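Geometric and topological summary
For reference, the chains in residue letters:
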Amino acid sequence: MESTLKELRDGNTVLEVDSKSAVSGGVRDVHGEDAATEDQIVTPWTISVASGYSLLRNPHHNKGLAFTEKERDHHYLRGLLPPSVVSQDLQVKKLMANIRQYTVPLQKYMAMMDLQERNEKLFYKLLMDNVEELLPVVYTPTVGEACQKYGSILRRPQGLFISLNEKGKILEVLKNWPEKNIQVIVVTDGERILGLGDLGCQGMGIPVGKLSLYTALGGVRPSACLPVTIDVGTNNQKLLDDEFYIGLRQKRATGQEYAELIHEFMCAVKQNYGEKVLVQFEDFANHNAFDLLARYGTTHLVFNDDIQGTASVVLAGLISALNLVGGTLAEHTFLFLGAGEAGTGIAELIALEMSKQTQAPLEETRKKIWLVDSKGLIVSSRMDSLQHFKKPWAHEHEPIKNLVDAVKAIKPTVLIGSSGVGRTFTKEVVEAMASFNEKPIILALSNPTSQSECTAEEAYTWSEGRAIFASGSPFDPVEYNGKVFVPGQSNNAYIFPGFGLGLIISGAIRVHDDMLLAACKCKKS
Ligand SMILES: O=C([O-])CC(=O)C(=O)O
Ligand SMILES: [Mg+2]
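Residues numbered from 1 in each chain as written. Chains lettered and ligands numbered in written order. Predicted model: local features only at pLDDT ≥ 70, side-chain atom pairs only at ≥ 80, totals over all residues. Heavy atoms only, no water.

Some points on the overall build of the protein
The line we're drawing: Strands here are runs of E lasting at least two residues and helices are runs of H or I lasting at least four, both read from the DSSP assignment and numbered beginning at the N terminus. Using C-alpha atoms as the atom set, the radius of gyration is obtained and then compared with a globule rule of 2.2 Å times the number of residues to the power 0.38. Three exposure classes are used, based on accessible area relative to the maximum for each residue type with a 1.4 Å probe and protein chains only: buried under 20%, partly exposed in between, and exposed over 50%. For accessible areas, the Shrake-Rupley method is used with a probe of radius 1.4 Å. Any residue's cover is judged against the shown protein chains and nothing else. We score Asp and Glu as negative and Lys and Arg as positive, and we do not count His or the chain ends. To locate a charge, take atom NZ for lysine, CZ for arginine, CG for aspartate or CD for glutamate.
Assigned secondary structure in the protein consists of 22 helices and 16 strands. Whereas a compact globule of 525 residues would reach a radius of gyration of roughly 24 Å, the protein reaches 25 Å, a difference of no more than 12%. For the protein, the spread of C-alpha atoms along the three principal axes comes to 80 × 55 × 50 Å. A burial count over the protein gives 54% of its 525 residues as buried. Here the protein displays about 24400 Å² of accessible surface, and carbon together with sulfur accounts for 53% of that area. Side chains of the protein give 53 positive and 62 negative charges; the mean places of these two sets differ by 3 Å.

Comments concerning the pairing of strand E13 (residues 468–471)
Formally: By the convention used here, strands pair only if DSSP detects at least 2 bridges between them. The definition of a right-handed crossover adopted here requires that, viewed with the strands pointing away, the path from the first strand over the helix to the second runs clockwise.
Every second residue of E13 is oriented toward a common face, with Ile-468 and Ala-470 on one face and Phe-469 and Ser-471 on the other, all of them buried. As paired elements, strand E12 (residues 441–444) and E13 share four bridges and run parallel to each other. Bridge pairing links Ala-444 to Ser-471 in E13. Handedness of the crossover joining E12 and E13 through helix H20 (residues 456–462): right-handed. Bridging between E13 and strand E16 (residues 488–489) involves two bridges; their strand directions are parallel. Residue Ser-471 lies in a different strand from E16, and its bridge partner there is Gln-489.

What about the packing of aromatic side chains?
Working definition: an aromatic ring pair is given by the centre-to-centre distance plus the angle between the planes. We apply this condition: Whether two aromatic rings pair depends on their centres lying within 6.5 Å, for rings of Phe, Tyr and Trp, where Trp uses its six-membered ring; planes under 30 degrees apart make the pair stacked, over 60 edge-to-face, and the rest tilted. We call a charge positioned above a ring when the Lys NZ or Arg CZ atom is no farther than 6 Å from the ring centre and deviates by at most 35 degrees from the ring normal.
Under the definition given, this model contains eight aromatic pairs. Pairing Phe-303 with Phe-499 gives two aromatic rings, centres 5.0 Å apart and planes at 35 degrees, and the pair type is tilted. Taken together, the residues Phe-303 in strand E7 (residues 301–304) and Phe-499 in helix H21 (residues 496–506) connect sequence positions 196 residues apart. Overall, the relative accessible area of 9% leaves Phe-499 in the buried class. An angle of 25 degrees between the planes, with centres 4.8 Å apart, marks the rings of Tyr-460 and Phe-485 as stacked. Taken together, the residues span a long stretch of sequence, with Tyr-460 in helix H20 and Phe-485 in strand E15 (residues 483–485) at a distance of 25 residues. Look at Phe-485 and you get buried, because its relative accessible area is 11%. Pairwise contacts between aromatic rings join Tyr-460, Phe-469, Phe-475 and Phe-485 into one cluster. Here the basic side chain of Arg-366 rests over the ring of Trp-393, its NZ or CZ set 5.7 Å away from the ring centre.

Digging into the coordination of the magnesium ion (ligand 2)
Our working rule: Donor atoms: N, O and S within 2.8 Å of the metal, or within 3.2 Å for Na, K and Ca. Because water is excluded, sites can look incomplete.
Distances from the magnesium ion (ligand 2) to its protein donors, Glu-282 (OE), Asp-283 (OD) and Asp-306 (OD), fall within 2.0 to 2.1 Å. Within one chain, the residues donating to the magnesium ion (ligand 2) are spaced in sequence as E-D-x22-D. Note that Glu-282 is positioned in the loop between strand E6 (278–281) and helix H14 (286–296) and Asp-306 in helix H15 (residues 305–325), a separation of 24 residues in sequence. Residue classification places Glu-282 among the buried positions, given a relative accessible area of 1%.

Side note on the domain arrangement of the protein
What counts is decided by this rule: All domain edges in this entry derive from an automatic or database-based domain assignment. Contacts are residue-level and defined by heavy atoms, with any inter-residue pair within 4.5 Å sufficient. Defined in terms of a 1.4 Å probe, buried area is the accessible area two parts forfeit on being brought together, summed over both. Salt-bridge detection follows one rule: a side-chain nitrogen of Lys or Arg within 4 Å of a carboxyl oxygen of Asp or Glu. Between N or O atoms, a polar contact is any pair within 3.5 Å; within protein, one atom must be a potential hydrogen donor and the other a potential acceptor, and residues adjacent in sequence are included only when both atoms are from side chains. Residue polarity is assigned by list, with Asp, Glu, Lys and Arg as charged and Ala, Val, Leu, Ile, Met, Phe, Trp, Tyr, Cys and Pro as nonpolar; anything else, Gly included, falls into the polar class.
Considered domain by domain, the protein is made up of domain 1 (2–86), domain 2 (139–306 + 496–511) and domain 3 (309–492). Here domain 2 and domain 3 have C-alpha centroids that lie 29 Å from each other. Between domain 2 and domain 3, the contact holds 21 residues from the first and 18 residues from the second. Together domain 2 and domain 3 conceal approximately 1400 Å² of surface at their shared face, both sides included; 52% is due to carbon and sulfur atoms. There are one salt bridge connecting domain 2 and domain 3. Two residues, Glu-341 and Arg-192, come together in a salt bridge whose shortest N-O distance is 3.9 Å. Taken together, the links from domain 2 to domain 3 amount to eleven residue pairs in polar contact (both at pLDDT 80 or more). Listing elements by their share of the side of domain 2 that touches domain 3, those giving two or more residues are H14, E7, H15 and H21. Examining the composition of the side of domain 2 that touches domain 3, we find that four residues originate from one element, H14, more than from any other. The residue inventory of the side of domain 2 that touches domain 3, partitioned by class, reads eleven nonpolar, four polar and six charged.

Side note on the site of ligand 1
Worth spelling out the cut-off: Working definition: residue near molecule or strand if any one of its non-hydrogen atoms lies within 4 Å of it.
Looking at ligand 1, the residues that line it are Tyr-139, Thr-140, Arg-192, Leu-194, Lys-210, Glu-282, Asp-283, Asp-305, Asp-306, Asn-447, Asn-491 and Asn-492. Side-chain polar atom of Arg-192 to an oxygen atom of ligand 1: 2.5 Å apart, as the coordinates give it. A distance of 2.9 Å is found between an oxygen atom of ligand 1 and a side-chain nitrogen or oxygen belonging to Asp-283. If ligand 1 stood free it would expose 260 Å²; the protein chains cover 93% of that surface. The two domains that each donate at least three residues to the shell around ligand 1 are domain 2 (139–306 + 496–511) and domain 3 (309–492).

Quick notes on the side chain of Thr-142
Tracing the backbone through its elements, the reader meets Thr-142 in helix H8 (residues 142–148). The exposure class assigned to Thr-142 is buried, which follows from its relative accessible area of 6%. Ignoring sequence-local partners within four residues, the contact set of Thr-142 consists of Pro-105, Leu-106, Tyr-109, Pro-136 and Val-137.

Comments concerning the packing of helix H4 (residues 88–101) against helix H5 (residues 105–118)
Any two packed helices are characterised by the angle at which their axes cross and by the distance between the axes. Operational definition: All axes are obtained by fitting lines to C-alpha atoms, using only the stretch in contact for helices, and the reported angles, taken between N-to-C directions, cover 0 to 180 degrees. Angles below 35 degrees are treated as roughly parallel, those above 145 as roughly antiparallel, those between 65 and 115 as roughly perpendicular, and all remaining angles as oblique. Left-handed is the label given to a crossing in which the near helix is rotated counterclockwise from the far helix by less than a right angle, and right-handed is the label when the rotation is clockwise.
At a closest axis distance of 9 Å, the pairing of H4 and H5 adopts a crossing angle of 150 degrees. Classified by the angle between their axes, H4 and H5 sit roughly antiparallel to one another. By crossing handedness, the relation of H4 to H5 is classed as right-handed. Along its contact with H4, which presents Leu-95, Ile-99 and Arg-100, the element H5 presents Lys-108, Ala-111, Met-112, Leu-115 and Arg-118. In terms of residue class, the contact of H4 with H5 is made up of five nonpolar, no polar and three charged.

This is how it looks when you write it as structure tokens:
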């Protein structure tokens, strides 16, 4: 018996033993008789073994034609597969050829999701071997379009949906998830999906995509990753009117009703998975993102990717850019378009690093950083009407209404776009940057590509090839005046999988700013 179990464990066959299988005293309750009392309605122990037909339909263990002759004998697969045995490498070759035939990115996305649902090992092999080509498919920018059309393209639901209907029952809902040992949860409420706005329940594509990078880039086991979407309704009328919309058909719950659902979720998560489970908040709207991070940052292992992840990756990029333009952080002047999660998160981390480098107080280093929001430059005369996360950036200056005037007045060396609004770094803005900077640093961070503040081509052309440019969404290399410029990508995908892995393997129970600063300075050895 023990040797068969070991074989099952070591082999490819699924073996799931519920932890309740051993009754107290170390005596195995083989027939479940001791535990099967009337007040215990759950099966006291279960062993499930996938083999044969069900093994082929189990995405975690299916290998398709790559099952060897021996495995086909052992797992009752004879006759269920055509005779040919192919290597995983050949499977990768075939699938890449198929995926490359699709010209529409969304078709590639759907092919990848189908694969993930069919043969998880092959999905990750494909993604890891072809990461540059497939990252824009399973992640930004295509995942944005997938979320917009999620209701129409959905085949088999992925992740866990927790809606207002589940209020009071969230712990039970977590127990419906087949995996028990969860290490990372990526959760969204869908209110600010990339720069695309409120996509309600259809935001699920984001946690699914982020977690596939946790595995492909961070090496976290897929079974330890849990994508969650909290559905409190949507204010997106187009979705509410869409017959294929998959979420609750109501306006967003707010205030106490919202806070109570999130709180129940956070408590249930800790109760079910323990203190070391990492909860990554993703694509919440500004008005909730900061509050959630503040509220749960002291009681849970939480990380906001849009505030902290983006901040670390951008600071890492700036530290590298200084090698090209010279000077220390404190010798530069920063101007942001966008004062939300990404903008203020990045600004704060830059100020913190400057303060560490120069020993100057944070209040002083913040003065090197200026932010423009939809109402213009953030200045002290606007203080009373500013949301709390913008207040630290309200410096003394006369009011300025638009970006180009702010650029001309502040004369930044670094211009960062994080507003979620595309096409806002106009020719005039880029030309102004290039007029007083030998090498202007220009970061167009908003996602997906349609929301990018400018394209790589625009940044290089309008600056006559002098801009140091990076963007949130990927852009192809650009040829300008006979020279090829390769734009950088400054997306939190370059930090959260490694950062999260570090949190998990170190057994951390809280996230601290020093960890973010350390992550920024990590160099590939
Ligand atoms: O998902 C991405 O590509 C980056 C990100 O967090 C966002 O734009 O919200
Ligand atoms: Mg995000």
